[in-house]
Amino acid sequence: MDWNIVLLWLLKSALFFFVFITACAYYTLAERKVAGFIQDRKGPNRAGPFGLFQPLADGIKFLTKEEIFPKNVNRVMYLIAPAISMTCAIMAWAVVPLGGTILLPDWLAKEVGFASLDLQIANPDTGILFLFAISSLSVYGIILAGWSSNNKYSLIGGIRSTAQMISYELPLGLSVASIVILTGSLKLTDINDAQIGLWNIFKLPGFIAFSVFVVAMFAETNRLPFDLAEAESELVVGFHTEYGAFKFALFFIAEYMNMITMSCVVTILFFGGYHLPFGWLNGSAWQAWAGLGFFTLKVLFFAFLFMWVRWTLPRFRYDQLMTIGWKKMIPWAVANILIASIYVSLDGFWKW
């Protein structure tokens, strides 16, 4: 066993975890700042300059609040539920490629025993399947949280969220299937590399898949206009009504992690991922770093889109939510698979 490789994997995992946890913390601050701007108020501005220490203050608050267990809850399932949601959110990051391959200096390559470093923890051949398989398991955290809380409102909120997520996983998966047909691979880096010449968003089946995917990702992450689980006037705050302190923080962080994950995935699937447009810096030693920066900018745009939509559109009724998912998006996604198949067949015919 090459212990240098094992140590590298552990260091990359720890670094990714630190970066993403920090990003999630400041994503919450960014959302509160954007909300304040849209509502013509300042937002957080007390903890540190411009409120930059607000995430740290919130973290300390969650860690030091009293842990309360409601009466007659199923303690095991009650504690496992937020852990499932958080674990699934973290594991999804393992296959997300943030950039290309960084070439190490000769002196460092001799020291560590390898010449390059991938900006990705793991790169399995079925990366997109792994990503959606892990993401779909978060449903168990939600339904267990609602059931184990011994609260009928929590249970109703958990059932509502579970039905919503399962319903919208279908069009989400079908939209990705059309991208797999266009690319011919389930590997995220292959999907990314296939867009060097032309991004998928500029292809007809890619544009339809993008339209379905964006709507479905809002529903999958329980964000407005699809946050029916948190309809305060109906269900208090949904499945996590009985959670507080650090247990609630796990659900809270997992939600923001999933939003960043979806922002990364939509960038990789439809907008060329970390490749620079027009072949800029191809072959340059700075290509991987520039690609990481370009990838980050695109992810930040979609992260901002989540906040923009939240403070712009009203919430749908639940029957409207299900109608959109089952009667509109699934037929479009299925039809797009046929369109993608015809597109690939015609493309191969003309090349022949």
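Being a predicted model, the structure only gives us computed values, none of them experimental.

Caption draft 1: Region of the structure containing the overall build of the protein chain. The helix and strand inventory of the protein chain stands at 12 helices and 2 strands. Mapped in sequence order, the helices and strands of the protein chain form the string α-α-α-β-α-β-α-α-α-α-α-α-α-α. When each of the 352 residues of the protein chain is scored for burial, the buried share is 47%. Partitioning the intrachain contacts of the protein chain with sequence separation of at least 6 by distance along the chain shows that 79% fall at a separation of at least 24.

Caption draft 2: How the structure looks around the nonpolar core. In this structure, F213, L269 and F270 are the most contacted members of the largest nonpolar core, which totals 70 residues. Per-element tally for this core: the top contributor is helix 10 (residues 245-270), with 13 residues. When residues no more than four places from it in sequence are discounted, the contact partners of F270 are I179, Q195, W199, N200, I201, G206, A209, F210 and F213. Of all hydrophobic cores here, the second largest spans 11 residues; its members include Y78, A81, L144 and A145.

Caption draft 3: Broad picture of the packing of helix 5 (residues 127-148) against helix 6 (residues 152-183). Two elements in contact, helix 5 and helix 6, have axes separated by 8 Å at closest approach and are oriented at 170°. By the angle between their axes, helix 5 is roughly antiparallel relative to helix 6. Where helix 5 abuts helix 6, its residues I128, F132, S136, S138, V139, I142, I143, G146 and W147 lie against S154, L155, G158, I159, S161, T162, M165, E169, L172, V176 and V180. Taken together, the residues of the contact of helix 5 with helix 6 break down into 12 nonpolar, 7 polar and 1 charged.

Caption draft 4: Focus on the UniProt feature "transmembrane region" (unreviewed entry) in the protein chain. Here the UniProt feature "transmembrane region" (unreviewed entry) sits at residues 6-29, 76-96, 127-147, 168-186, 198-219, 256-276, 288-309 and 329-346. Secondary structure across residues 127-147 divides into 100% helix and 0% strand, with the first and last C-alpha atoms of the span separated by 32 Å. Each end of residues 198-219 is marked by a C-alpha atom, and these two atoms are 28 Å apart; helix forms 73% of the span and strand 0%.

Caption draft 5: Structural context of the pattern of salt bridges. One pass over the structure, following the stated rule, counts 8 salt bridges. Across the pair R223 and E31 runs a salt bridge, and its minimum N-O distance is 2.3 Å. Taken together, the residues R223 in the loop between helix 8 (204-220) and helix 9 (232-235) and E31 in helix 1 (residues 3-38) connect sequence positions 192 residues apart. Across the pair, exposure class does not vary: R223 and E31 are buried alike. With a closest N to O distance of 2.3 Å, K247 and E67 form a salt bridge. With K247 in helix 10 and E67 in the loop between helix 2 (54-64) and helix 3 (75-91), this residue pair connects regions lying 180 residues apart in the sequence. Take K247: its relative accessible area is 5%, and that puts it in the buried class. Judged by its relative accessible area of 38%, E67 is partly exposed.

Caption draft 6: Representation of the packing of aromatic side chains within the structure. Evaluation of the coordinates by the stated rule reveals 23 aromatic pairs. Measuring from ring centre to ring centre gives 5.2 Å for F301 and F302, while their planes differ by 75°; the resulting arrangement is edge-to-face. Following the ring pairs from residue to residue traces out a cluster consisting of W199, F202, F210, F213, F270, F271, F301 and F302. Against the face of F69 rests R75, its NZ or CZ located 4.0 Å from the ring centre. Taking NZ or CZ as reference, K247 lies 5.0 Å from the ring centre of F69, over its face.

Caption draft 7: Representation of the packing of helix 8 against helix 10 in the model. With their axes 11 Å apart at the nearest point, helix 8 and helix 10 run at an angle of 175° to one another. One way to sum up the angle between helix 8 and helix 10 is to call them roughly antiparallel. Where helix 8 abuts helix 10, its residues G206, A209, F210, F213, V214, M217 and E220 lie against M262, V265, V266, L269 and F270. Across the contact of helix 8 with helix 10, the residue classes tally to 10 nonpolar, 1 polar and 1 charged.

Caption draft 8: Spotlight on helix 10. Taking 1.5 Å of rise per residue, 26 residues should cover 38 Å, and helix 10 covers 38 Å from first to last C-alpha, within 8% of that figure. Counting buried residues along helix 10, 21 of its 26 residues qualify, which places the element largely inside the surrounding structure. Looking at the residues trailing helix 10, positive phi occurs at G272, about 75°.

Caption draft 9: Structural detail: the side chain of T28. Tracing the backbone through its elements, the reader meets T28 in helix 1. Among the residues examined, T28 registers a relative accessible area of 12% and is labelled buried. Looking at T28, its side chain comes within polar contact range of the main-chain oxygen of A25, at 2.4 Å. In this structure, T28 is in contact with F252 and Y256, ignoring residues within four places of it in sequence.

Caption draft 10: Highlighting the side chain of S149. By the element assignment, S149 lies in the loop between helix 5 and helix 6. The exposure class assigned to S149 is buried, which follows from its relative accessible area of 1%. Contacts of S149, omitting those with residues within four sequence positions, involve P70, V73, Y78, S154, F239, E242 and Y243.

Caption draft 11: Spotlight on the confidence of the model for the protein chain. Averaged over every residue, the pLDDT of the protein chain is 85; the share at 70 or more is 90%. Taken element by element, the protein chain is modelled with least confidence in helix 9, mean pLDDT 56, and with most confidence in helix 8, mean pLDDT 92.

Thresholds, definitions, all that
Residues numbered from 1 in each chain as written. Predicted model: local features only at pLDDT ≥ 70, side-chain atom pairs only at ≥ 80, totals over all residues. Heavy atoms only, no water. Helix = DSSP H or I, 4+ residues; strand = E, 2+ residues; numbered from the N terminus. Buried < 20%, exposed > 50% of the residue type's maximum accessible area, 1.4 Å probe, protein only. Contact = heavy atoms within 4.5 Å. Core = buried A, V, L, I, M, F, W, Y, C linked by side-chain atoms within 4.5 Å. Axes fitted to C-alpha atoms, helices over the stretch in contact; angles between N-to-C directions. Parallel < 35°, antiparallel > 145°, perpendicular 65-115°, else oblique. Nonpolar A, V, L, I, M, F, W, Y, C, P; charged D, E, K, R; others polar. UniProt positions renumbered as here; feature names shortened; annotations may be inferred. Salt bridge = Lys/Arg side-chain N within 4 Å of Asp/Glu carboxyl O. Phe/Tyr/Trp six-rings, centres within 6.5 Å; stacked < 30°, edge-to-face > 60°. Lys NZ or Arg CZ within 6 Å of the ring centre and 35° of its normal. Expected span 1.5 Å × (residues − 1). Polar contact = N/O pair within 3.5 Å; in protein donor to acceptor, adjacent residues only side chain to side chain. pLDDT = per-residue confidence, 0-100.

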